[in-house]
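# Structural characterization, general
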Amino acid sequence: MRFIKNMQIAVMADIHSNLEALEAFLNCICKEKINKFICLGDIVGYGASPNECVEVISKSPNLYAVSGNHDWGVLGKTDLSCFNEIARIAIIWTQNQLNSKAKDYLGSLPLISIASGAFLVHATPEAPADWNYLVDVYDARRQFQHFNEKICFVGHSHVPMAFELNETTDELKIIRDKKFSIADAHCRYLINVGSIGQPRDGDPRASFVIWNVQDQTIEFRRVTYNIKRAQQKIRRTGLPLFLASRLSVGR
Ligand code: ZN
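What you are looking at is a predicted structure, and each value in this text was computed from that prediction instead of being measured. (Residues numbered from 1 in each chain as written. Predicted model: local features only at pLDDT ≥ 70, side-chain atom pairs only at ≥ 80, totals over all residues. Heavy atoms only, no water.)

Take the pattern of salt bridges next. Any two side chains of opposite charge can pair if their charged atoms end up close together. Evaluation of the coordinates by the stated rule reveals 12 salt bridges. Between Asp-203 and Arg-205 there is a salt bridge, with the nearest N and O atoms lying 2.8 Å from each other. A relative accessible area of 34% places Arg-205 in the partly exposed class. Here the salt bridges do not stand alone but share partners, grouping Asp-201, Asp-203, Arg-205 and Arg-222 into one network. (Salt bridge = Lys/Arg side-chain N within 4 Å of Asp/Glu carboxyl O. Buried < 20%, exposed > 50% of the residue type's maximum accessible area, 1.4 Å probe, protein only.)

Here we take up the sheet that holds strand β12 (residues 217-223). Taken in spatial order, the six strands of this open sheet run β3-β2-β1-β11-β12-β9, and their pairing is mixed. Single-partner strands in this sheet number two, and they are β3 (63-65) and β9 (179-181). In this sheet, adjacent strand axes meet at a mean angle of 20 degrees when their direction is disregarded. Bridge analysis of strand β2 (residues 36-39) against β3 gives three bridges, and the strand direction is parallel. Of the residues in β3, the one forming a bridge with Phe-37 is Leu-63. (Pairing = 2+ DSSP bridges. Helix = DSSP H or I, 4+ residues; strand = E, 2+ residues; numbered from the N terminus. Axes fitted to C-alpha atoms, helices over the stretch in contact; angles between N-to-C directions.)

In total, this model carries eight aromatic pairs according to the counting rule given. Ring geometry for Phe-180 and Tyr-189: centres 6.1 Å apart, planes at 35 degrees, overall tilted. Comparing Phe-180 with Tyr-189, the two get one shared label, buried. An angle of 40 degrees between the planes, with centres 6.4 Å apart, marks the rings of Phe-180 and Phe-220 as tilted. Taken together, the positions of Phe-180 in strand β9 and Phe-220 in strand β12 put the pair 40 residues apart, joining distant regions of the chain. Here the two residues Phe-180 and Phe-220 agree in accessibility, since each one is buried. Grouped by ring-pair contacts, the aromatic residues Phe-25, Phe-37 and Phe-208 constitute a single cluster. The ring of Phe-147 is capped by Arg-188, whose NZ or CZ atom sits 4.5 Å from the centre of that ring. (Phe/Tyr/Trp six-rings, centres within 6.5 Å; stacked < 30°, edge-to-face > 60°. Lys NZ or Arg CZ within 6 Å of the ring centre and 35° of its normal.)

Listed in full, the buried residues belonging to helix α2 (residues 50-59) are Pro-50, Asn-51, Cys-53, Val-54 and Ile-57. The buried residues of α2 all sit within an arc of 165 degrees when viewed along its axis, so they share a single face. Contact partners of the buried residues in α2: β1 (8-12), α1 (19-29), β3, α4 (85-97) and α5 (100-108). (Arc of directions from axis to C-beta. Contact = heavy atoms within 4.5 Å.)

The values reported here are purely geometric and, on their own, carry no functional implication.
Quick look at the structure:
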C-alpha cells in the first residue's frame, strides 16, 4: 500500500440515479481533503437521473468503480427475472433513458477490483455475479475466505455495516462504532458502506465511508440531501411511486 500524507478515500455505493444525493455527498466531501474515490456499483436503477449520475461518476478524477446488479441489468448482462417487479420496471425505464456514452461507461466497469490495497465488489467476494446479500455474521464469516486483502468494501444491501475478523482468535464481530481503528495487524474487515441514493437502514440521509489510510481509521458518515426534489423527479417520470416515498423513510 502506498501511503500519502493524510490520504483519505471516500467510499460509496448504490447511487441509484439519485443526483440530489450524489451532489450532496460531493459537496460534503469537498470540504475535506479526499485523494481518491471508490464507487461500489449500482450507479443507476430506481431514481430519475441515470445519465446525469453516470456522467458525474465517469468524470470524477481518481475514482475506482465496480459494477452492480442494476448496472448489469440495464446492460442486459444479468437476467431481469432475478429482480423484483418494481426494480425490473425501473431497470427497463433506465434502459430507455440511458445514452450510449453512459452505457459504454457502465459496460467498462469490472465486477471486482482492488484499490489502495482494498478488495472492491458490489455484492460478495465469494460470488460477485450471483448478487447475494450479506446481512449477518454467518454470511460474513464465509466471505473472509474469498479475499486476501485487509479490507473488503461492499454495497448492495443499502445497510451500512462493518465486520471485523481477528485471525489470531478467529473471533468475528460486528462493529457498532461510527468511527473505528483498523490498525490491528491481526484483524481484517468486511465493510458495507450503505447507500448514497436509497438508504434502507431507517435513516434517509445518504451514507458513505471515509477511509483514512494514514491514520488507519474507517468512519461512517451521513449527509442530508434534497429528498423532496429527488421524489418530485421520480413522480414526474412515471416510475413506481414507492420509489419516491421510500426515500423519506430510508427503507
Ligand atoms: Zn443497490
